[in-house]
Amino acid sequence: ETIRAWQRTVDWARNFSAQPTDIWPHGTVTVKVAPQNKGLRQAWLDAWHPNDDDDDDKNDDFALNRLYSLPTQRAIILEDDVEVSPLWYKWVQHMYQRY
């Protein structure tokens, strides 16, 4: 029964991520399913790795502008038992713009 419940959850998440953007207009939804239990610590550490947008800087010896540039990617990682309101998301957006 636990495996079937797990599979239903995975199926729901994959279906949600494939919906048109009017269902979740706040950005991309990515579903990652681990082939085995990694444990809580490793799951959090593996949850997101930003892409390196600075292709032009990869050949620079010092790439100083990478040190001082603002991040262009953001992620919000939520546990499966967390609910947030639309006002919370607006606050997060404002926080990123402000700081």
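Owing to the predicted nature of the structure, the values given are computational and were not obtained by experimental measurement.

Caption draft 1: Region of interest: the overall build of the protein. Within the protein, the regular secondary structure consists of 4 helices and 0 strands. For the protein, the α and β elements follow one another from N to C terminus as α-α-α-α. Out of the 99 residues in the protein, the part that is buried amounts to 6%. Long-range pairs, those at least 24 residues apart, make up 24% of the contacts in the protein between residues at least 6 apart in sequence. Surface accessibility of the protein: about 9,300 Å² in total, with carbon and sulfur atoms responsible for 53%.

Caption draft 2: Seen up close, the environment of Ser17. Turning to its location among the elements, Ser17 is positioned in helix α1 (residues 2-17). For the pair Ser17 and Thr28, spaced 11 residues apart in sequence, the C-alpha separation works out to 7.6 Å. Contact partners of Ser17, with chain neighbours within four places excluded, come to Val29 and Val31.

Caption draft 3: Region of interest: the confidence of the model for the protein. Residue-level pLDDT values for the protein average 75, and 76% of them are 70 or greater. Within the protein, helix α3 (residues 64-68) has the poorest average pLDDT of any element, 58, and helix α4 (residues 86-98) the best, 87.

Caption draft 4: Representation of the pattern of salt bridges within the structure. Summed over all chains, the structure comprises 1 salt bridge. Close ionic contact of Lys38 with Asp46 constitutes a salt bridge, the shortest N to O distance being 3.0 Å.

Caption draft 5: Expanded view of a nonpolar patch on the surface. A surface patch of nonpolar side chains, about 530 Å² in accessible area, is lined by Ile76, Leu78, Val82, Val84, Trp88 and Trp91. Within the secondary structure, Trp88 is located in helix α4. Owing to a relative accessible area of 31%, Trp88 belongs among the partly exposed residues under this scheme.

Caption draft 6: Layout of the environment of Trp44. Secondary-structure assignment places Trp44 in helix α2 (residues 40-45). Take Trp44: its relative accessible area is 39%, and that puts it in the partly exposed class. Placed 34 residues apart in sequence, Trp44 and Leu78 show a C-alpha to C-alpha distance of 9.7 Å. Residue contacts for Trp44: discarding those within four places in its chain leaves Ile77 and Glu79.

Procedures and definitions
- Residues numbered from 1 in each chain as written.
- Predicted model: local features only at pLDDT ≥ 70, side-chain atom pairs only at ≥ 80, totals over all residues.
- Heavy atoms only, no water.
- Helix = DSSP H or I, 4+ residues; strand = E, 2+ residues; numbered from the N terminus.
- Buried < 20%, exposed > 50% of the residue type's maximum accessible area, 1.4 Å probe, protein only.
- Contact = heavy atoms within 4.5 Å.
- Areas by Shrake-Rupley, 256 points an atom, 1.4 Å probe, with all protein chains shown as cover.
- pLDDT = per-residue confidence, 0-100.
- Salt bridge = Lys/Arg side-chain N within 4 Å of Asp/Glu carboxyl O.
- Patch = residues over 30% accessible without salt bridge, like charges linked within 9 Å, V, L, I, M, F, W, Y side chains within 5 Å.

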